Amino acid sequence: MMARFFLLFLLFCFEVKAQNSFSFLNITNNARVNGLGGINVSLTDKDINLVLSNPALLDSAQSGQIGLNFSPYFAGSNFISLNYSPNFKHETAGNWAFSLQNINYGTFQGTDAAGNLTNDFSANDFSLGAFYSRKINNISCGVSAKLVGSVLESYSSVVILTDWGGTFKHPVHDLSIGVVAKNIGFVLKSYANIRPEIPFDLQAGVTFKPRYMPVRFSLTAHRLYQFDMAYNDPNFNFTFDAQGNKIPRKISTIDKVFRHFVVGTELILHRNFNLLVGYNFLRRKELLISDLGGASGFSFGANIRIKQFGFSTAITPAVTARSFATFSLIWQIKNK
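In what follows, the accompanying structure is described. Everything numeric in this text was worked out from a predicted model, so none of it was measured.

It is possible for side chains bearing opposite charge to pair when their charged atoms get close. Scanning the model with the defined rule gives 8 salt bridges in all. For arginine 216, the salt bridge is made with glutamate 266, and the minimal N-O distance between the two is 3.1 Å. Highlighted residues: arginine 216 in strand β9 (residues 215–221) and glutamate 266 in strand β12 (residues 261–270), separated in sequence by 50 residues. Note on glutamate 266: relative accessible area 1%, which makes it buried. Note that aspartate 228 is salt-bridged to lysine 256, the shortest N-O span being 3.4 Å. In this pair, aspartate 228 sits in the loop between β9 and β10 (238–240) while lysine 256 sits in helix α3 (residues 253–258), placing the two residues 28 residues apart along the sequence. One network of salt bridges, in which partners are shared, links Arg32, Asp45, Asp174, Arg216 and Glu266.

In structure tokens, the structure reads:
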């Protein structure tokens, strides 16, 4: 019954339109996922921070964990999240976790309509979330409920959102498959007369480690509800005909398809130490400066585990000479 309900729910999600407000929910502030390209819904591990990617990744092995993520974002902004999974004794009751996310955009100088200086003001986005998952044989289903808000000077907006996810973990091979419908909900309060839009996404992925290779591969597809998501500005993306006239350059079908995919690789040097490399096709296409090289679209990181502690760090080059770093920490309060 649960599997049928989940399938119907995913079919319903294909009717949801793309949205673009509360975009901070799309920022990856988990260093391990960021090192794998920024999106991953199928990586199953003892890491409570993965629950932000897919609520079905919440597992009993994460009980008693605290996860802290910090990202010094662009223009002086800071993005932090705190995740916690209480240690329940009865696994049949399912698994619970709670999360707090906040991005602080800093302080701004206010002005009136005439340009005269007024008081300083700040801007913040936040999310409070509760996550629940239940495992039946090799299939895990998860759901989250999030209270999301945005505050800009005297204006504010609040929405209620939910994520629905599922994973399948092979009983023998190191293979897992994940799918999640993210950010479905409704608006409680709008910015004055401006109604915010919700950043819905539908994602699916697979993670696999060949038996005799020290490498784990992940392939994730995102924005599956929308085929063409390419930004094609004719003022910049153009060519010339034989007479020297500008002609808008078309984006090929293959290019449009590949923009949906993110590839991640973990090089397992030790059971407690991994190197991370990711490639995000969409990020590469949108952030690369024309006619210049650079590492836009790539991401690099490392993950280490020492007894009750785990630490991950990742760096994501955005454009030439600029990058986005992420740091994550997990603490197992009680040994499993």
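Next comes the rest of the write-up.
The subject of this paragraph is the side chain of serine 157. Checked against the element boundaries, serine 157 lands in strand β6 (residues 155–169). For serine 157, a relative accessible area of 1% translates into the label buried. Of note is the side chain of serine 157, whose polar atom sits 2.7 Å from the backbone oxygen of lysine 189.

In this section: the nonpolar core. Counting residues in each nonpolar core, the largest one holds 12 residues, listed as Phe22, Phe24, Leu25, Ile27, Phe79, Ile103, Val148, Val159, Leu161, Val187, Ile198 and Phe324. If we skip the residues at most four places from it in the chain, leucine 25 touches Ser127, Val148, Leu161, Asn183 and Pro199. One finds Leu52, Leu58, Phe131 and Ile330 within the second-largest nonpolar core, a separate group that totals 7 residues.

A one-sided burial pattern is seen for strand β13 (residues 273–280), the buried positions being Asn274, Leu276, Gly278 and Asn280 and the unburied ones Phe273, Leu275, Val277 and Tyr279. Pairing of β12 with β13 involves 8 bridges; the strand directions are antiparallel. In the sheet register, threonine 265 faces β13, and the bridge partner there is valine 277. Counting the residues between successive antiparallel strands, the hairpin from β12 to β13 contains 2 residues. In this sheet, strand β14 (residues 298–306) lies alongside β13 in antiparallel orientation, the contact comprising 7 bridges. Paired with leucine 275 across the two strands is alanine 302, which belongs to β14.

Cut-off values and rules
Residues numbered from 1 in each chain as written. Predicted model: local features only at pLDDT ≥ 70, side-chain atom pairs only at ≥ 80, totals over all residues. Heavy atoms only, no water. Salt bridge = Lys/Arg side-chain N within 4 Å of Asp/Glu carboxyl O. Helix = DSSP H or I, 4+ residues; strand = E, 2+ residues; numbered from the N terminus. Buried < 20%, exposed > 50% of the residue type's maximum accessible area, 1.4 Å probe, protein only. Polar contact = N/O pair within 3.5 Å; in protein donor to acceptor, adjacent residues only side chain to side chain. Core = buried A, V, L, I, M, F, W, Y, C linked by side-chain atoms within 4.5 Å. Contact = heavy atoms within 4.5 Å. Pairing = 2+ DSSP bridges.

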